[in-house]
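# Results of the structural survey
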Amino acid sequence: MWGAEVSYRTYQKRTAALASLAALAGSAVLMAAPVAHAEVVDVEYNCKTPIGDKSAVSPIDIKGVESGDGYKITMSWQKGVSSSPVELGKGAMTPSATIELGGADSGTLTVTGPANPEAIPANTPIKINDLSGTYTPKETGKVDFTAGVLTIKALGTVTTCTPGNDPGPSLTLDVTAAGGSASGGTGGGSDTGGSGGASGSGGSEGELPQTGPLDSAVALGTLGGTVLLAGTAGVLWVTRRNQAVRR
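We now turn to the structure provided with this report. (Residues numbered from 1 in each chain as written. Predicted model: local features only at pLDDT ≥ 70, side-chain atom pairs only at ≥ 80, totals over all residues. Heavy atoms only, no water.)

### Considering the packing of aromatic side chains
Counted according to the given criterion, the structure contains one aromatic pair. Look at Tyr135 and Phe145: their rings are 5.8 Å apart centre to centre, the planes differ by 90 degrees, and that puts the pair in the edge-to-face class. Here Tyr135 is found in strand S7 (residues 131-135), whereas its partner Phe145 is found in strand S8 (residues 141-154), with 10 residues between them in sequence. Classification of Tyr135 by relative accessible area gives buried; the value is 0%. (Phe/Tyr/Trp six-rings, centres within 6.5 Å; stacked < 30°, edge-to-face > 60°. Helix = DSSP H or I, 4+ residues; strand = E, 2+ residues; numbered from the N terminus. Buried < 20%, exposed > 50% of the residue type's maximum accessible area, 1.4 Å probe, protein only.)

### Some remarks on the environment of Met75
Note that Met75 resides in strand S4 (residues 70-77). Note: C-alpha distance between Met75 and Thr112 (37 residues apart in sequence) is 9.3 Å. For Met75, the residues in contact, after removing those within four places along its chain, are Tyr45, Ile60, Asp61, Ile62, Ala97, Ile99, Val111, Asn129, Asp130, Leu131 and Ala147. (Contact = heavy atoms within 4.5 Å.)

### Section: the state of the cysteines
If you walk through the whole model with that rule in mind, you get one disulfide. Disulfide partner of Cys47: Cys161, at an S-S distance of 2.0 Å. Taking the torsion about the sulfur-sulfur bond, which here is approximately 110 degrees, the covalent link between Cys47 and Cys161 counts as right-handed. Of this pair, Cys47 sits in strand S2 (residues 41-49) while Cys161 sits in strand S9 (residues 157-163), and the two are 114 residues apart along the sequence. Classification of Cys161 by relative accessible area gives buried; the value is 0%. (Disulfide = S-S within 2.5 Å.)

### Re the nonpolar core
Formed by 34 residues in total, the largest nonpolar core has its most connected members in Tyr45, Met75, Trp77, Phe145 and Leu150. Among the secondary structure elements, those contributing two or more residues to this core are S2, strand S3 (52-67), S4, strand S5 (93-103), strand S6 (107-112), S7, S8 and strand S10 (171-175). Counting residues per element, this core draws most heavily on S8, at six residues. (Core = buried A, V, L, I, M, F, W, Y, C linked by side-chain atoms within 4.5 Å.)

### Things to note about the pairing of S6
Successive residues of a regular strand alternate their side chains across the two faces of the sheet. Relative to S6, S5 runs antiparallel, the two sharing six bridges. Counted as the bridge partner of Thr98 is Thr110 from S6. (Pairing = 2+ DSSP bridges.)

### Regarding the pattern of salt bridges
For the structure on display, the rule yields two salt bridges. The salt bridge involving Asp53 is made with Lys48; its shortest N-O contact spans 3.1 Å. In terms of burial, Asp53 and Lys48 fall into one category: exposed. Between Asp61 and Lys63 there is a salt bridge; the shortest N-O distance is 3.9 Å. When its relative accessible area of 14% is taken as the criterion, Asp61 is described as buried. (Salt bridge = Lys/Arg side-chain N within 4 Å of Asp/Glu carboxyl O.)

### Quick word on the environment of Thr172
Its place among the elements puts Thr172 in strand S10. Judged by relative accessible area, which is 17%, Thr172 ranks as buried. A polar contact of 2.7 Å, which involves the side chain of Thr172, links it to the side chain of Asp144. (Polar contact = N/O pair within 3.5 Å; in protein donor to acceptor, adjacent residues only side chain to side chain.)

Structure below.
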């Protein structure tokens, strides 16, 4: 009787261990499924300023975070792209920019930000603070976010800086349209940006089901969950059987 009890405990431990491993494997596969891709991209800005043309290269970083039915996007400059011949006092410079949408959606997203919090010395590269905007996807799929035109307003003047090196996207998001279904249109799904900006992407409806790594990941995740349920059921059955024997 004692030997049977030891055998049962050993079997129970092995069953629980296998079930846990299966669950972890399924979760790891699902977590590895690609949802977003971001990278810092060097953008060569050609600027039209009140005192002539200037150019500069700045690495651009765009990040997106899901927020409600939309997405929050933040655009960051790692270097200044223009300068002023005179000092710009605190709050004298206000930046804004556009982000080009590609892939499953099209159009532009406007991102804005606060005025300069500190004075900018004359002939010093103007560091642009982070800009943000709100995007509500109209389609479901992968959408690219690429740096567009930068606009700087200061002391009654306007400077526009346009990318001249055809930069690649700084962010690609795989998202679902608001409401969970595609609108069926191909027009841009961008909204005017605000201080709490967001970014998202949409896709096209009516396409054939896709097969590939992502589908394999989901299948493996499902398999892991199935093994977990089977393992749990086995433990319950053995437990009840052992209780019945003891009675």
